[in-house]
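Inside the fold
Chain by chain, the residues:
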Amino acid sequence: MKQTFAVIGLGRFGGSLLESLIAADQEVLAIDNNPALVENYMDVATHAVIADAQDEDALRDLDLPSFDHVIVAIGHNQQASILTTILLKDMGVRHVVAKAENNLHARVLDKVGADQVVRPEHEMAQRLAEQIMTPNLINYIDLGDKHSLGEIKIANLKFANKTISELNIRKNYGLNVIAIKSQGRVVVAPESSEMIQIGDVLTVVGESVDVKHFESLVE
Ligand code: ATP
Ligand code: ATP
Ligand code: CA
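Residues numbered from 1 in each chain as written. Chains lettered and ligands numbered in written order. Predicted model: local features only at pLDDT ≥ 70, side-chain atom pairs only at ≥ 80, totals over all residues. Heavy atoms only, no water.

1. Digging into the site of ligand 2
Around ligand 2, the structure places I164, S165, N168, I169, R170, K171, L175, N176, V177 and S192. Taking V177, its main chain carries an N or O atom lying 2.7 Å from a nitrogen atom of ligand 2. If ligand 2 stood free it would expose 570 Å²; the protein chains cover 61% of that surface. Looking at the shell around ligand 2, the elements with two or more residues in it are α7 (164-167), α8 (169-173) and β10 (175-182). Broken down by class, the residue content of the shell around ligand 2 amounts to four nonpolar, four polar and two charged. (Near = heavy atom within 4 Å. Polar contact = N/O pair within 3.5 Å; in protein donor to acceptor, adjacent residues only side chain to side chain. Areas by Shrake-Rupley, 256 points an atom, 1.4 Å probe, with all protein chains shown as cover. Helix = DSSP H or I, 4+ residues; strand = E, 2+ residues; numbered from the N terminus. Nonpolar A, V, L, I, M, F, W, Y, C, P; charged D, E, K, R; others polar.)

Shown next, in the form of structure tokens:
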């Protein structure tokens, strides 16, 4: 489904975001007050314009309330980022995502009405730390109330070439296996007779402590 996006600020973050959206066949308006950067994205973006996002009249001319999402990808100039966010919300933009440089900047953006605030370096660092500490936990979703869903890669021979039933996963580890990804094939709602092989990725649901415990056993 095609959605419309405006990316304000074509630095490394805004530029990469724009490229990902275009690669996903979305419509993207690129905005920056630096003519050289706008020139760079002229052939990439659906449209690219030079504008100062702190200038209310300039923003109005771009009809931003008609866009599904507007991303404020200005970080370093916090004043510009904050003023742009206020102007966008005041003119009725539905979904404003703003990039923050630090915690205080994030709190201000939240207070002035940003619908979503991101801190890319901070969030990526957290994810990287998790990934390094738990290499077999490919994906993790906190379901709330102490439960979670995890995608766990089987890297320990002790768990390989055995069926779910032989491993007695529900009884021994407190987890329900809801899918097994094996060599590109996905078995949803596997039977207890399903064989687990090295490299398989199990989607499991259970208490978060049990998901983490199981992850520590399979490496
Ligand atoms: P990066 O994504 O590279 O980390 P950054 O977060 O450090 O970038 P800046 O370089 O300050 O942020 O800003 C990103 C882009 O936003 C720059 O290309 C800059 O020209 C643009 N920008 C800054 N202020 C405005 C403004 N008032 N109106 C439009 N664009 C702006
Ligand atoms: P139960 O009564 O515990 O559901 P069962 O005695 O009917 O199981 P099976 O369905 O063959 O027998 O399962 C044997 C064991 O395999 C179960 O006790 C459970 O530990 C494990 N098991 C089966 N299916 C799953 C699953 N989807 N996720 C986790 N463990 C499972
Ligand atoms: Ca930066």
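2. Describing the sheet that holds β10
Through backbone hydrogen bonds, the strands of a sheet pair up, either in parallel or in antiparallel fashion. Pairing within the open sheet is antiparallel, and its five strands lie in the order β7-β8-β13-β10-β11. The open sheet has two edge strands, β7 (137-144) and β11 (185-188), and neither has a second partner. The mean angle between the axes of side-by-side strands here comes to 15°, regardless of whether they run parallel or antiparallel. When β10 meets strand β13 (residues 201-207), the two strands line up antiparallel, connected through six bridges. Looking across to β13, one finds that L175 is bridged to G206. (Pairing = 2+ DSSP bridges. Axes fitted to C-alpha atoms, helices over the stretch in contact; angles between N-to-C directions.)

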